Amino acid sequence: MAIFPCDWNAHRYPGKQRSAYVISAYGEDLETTKLRLCEGHFHDFTQLVQEDMARVDEDSSVSGSCDICDKDKNFAVYVKLFDLAQEPDYYAADLCARCWQDLRVKLKVASGKAMAAR
Ligand SMILES: [Zn+2]
Ligand SMILES: [Zn+2]
């Protein structure tokens, strides 16, 4: 049983916990949030991430404009997904302030636990 409730809508569940980290960089400022998720909501979360973000691989490019609306980008956003006993998957997007706010809401970043900045 997972000790911590699922952050998606604060419910308890019997299975193992999955984790997702959402990291946003604005200039030198980093904000990291950890979400503890049950299996079902981890899969929902992964699907939402895949709608707006690209999986990071060897030749991922960095763009100067927002990946969603093409305005100037302000934020570099990363998501690290830890499924059980798997190597983490990394996703990234370059976003303008507005699209990052929308994505923040969609991914329920405010429900997660803010991690200390490093
Ligand atoms: Zn859940
Ligand atoms: Zn945008």
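Here we summarise the structure given alongside this text. A quick note: this is a predicted structure, and the numbers were derived from the prediction, not measured. (Residues numbered from 1 in each chain as written. Chains lettered and ligands numbered in written order. Predicted model: local features only at pLDDT ≥ 70, side-chain atom pairs only at ≥ 80, totals over all residues.)

**What to know about the environment of Cys99**
Step number 1: Looking at the element boundaries, Cys99 is found in helix α2 (residues 97-106).
Step number 2: Residues Cys99 and Asp67, 32 residues apart in the sequence, show an inter-C-alpha distance of 9.0 Å. (Helix = DSSP H or I, 4+ residues; strand = E, 2+ residues; numbered from the N terminus.)

**Some thoughts on the pairing of strand β1 (residues 18-26)**
Step number 1: Where β1 and strand β2 (residues 29-37) come together, 9 bridges link them in antiparallel fashion. Across the sheet, the residue bridging to Tyr21 is Lys34, located in β2.
Step number 2: The antiparallel pairing of β1 with β2 creates a hairpin that spans 2 residues between the two strands, and Gly27 there sits at a positive phi of about 60°.
Step number 3: Strand direction decides the pairing type here: β1 and strand β4 (residues 75-82), joined by 7 bridges, are antiparallel. Opposite Ala20, over in β4, you have Leu81 as the bridge partner. (Pairing = 2+ DSSP bridges.)

**Structural notes on unusual backbone geometry**
Step number 1: For Ala85, which is not glycine, the phi torsion reads 50° and is therefore positive.
Step number 2: Structurally, Ala85 can be placed in the loop between β4 and β5 (89-95).
Step number 3: One non-glycine residue with positive phi stands out, namely Lys108, at about 55°.
Step number 4: In this structure, Lys108 sits in the loop between α2 and β6 (113-115).

**So, the sheet that holds β2**
Step number 1: Strands sit in the order β3-β5-β4-β1-β2-β6 across an open sheet of 6 strands; the sheet is antiparallel. Edge strands, defined here as strands with exactly one partner in the open sheet, are β3 (54-55) and β6.
Step number 2: Examined bridge by bridge, β3 and β5 share 2 bridges and lie antiparallel to one another. If you follow Arg55 over to β5, its bridge partner there is Tyr91.
Step number 3: Each of β1, β4 and β5 is contacted by α2, which is oriented at about 25° to β4, the strand it contacts most. (Contact = placed C-beta atoms within 7 Å. Axes fitted to C-alpha atoms, helices over the stretch in contact; angles between N-to-C directions.)

**Structural notes on the nonpolar core**
Step number 1: Ranked by internal contacts, the top residues of the largest apolar core, which has 23 residues, are Ala20, Leu37, Val79 and Leu95.
Step number 2: Elements represented by at least two residues in this core include exactly β1, β2, α1 (39-52), β4, β5 and α2.
Step number 3: Broken down by element, the residue count for this core peaks at 4 residues, all from β4.
Step number 4: Discounting chain neighbours no more than four positions away, the residues touching Ala20 are Leu35, Leu37, Phe45, Val79, Lys80 and Leu81. (Core = buried A, V, L, I, M, F, W, Y, C linked by C-beta atoms within 7 Å. Buried ≥ 20, exposed ≤ 12 C-beta atoms within 10 Å, placed from the backbone.)

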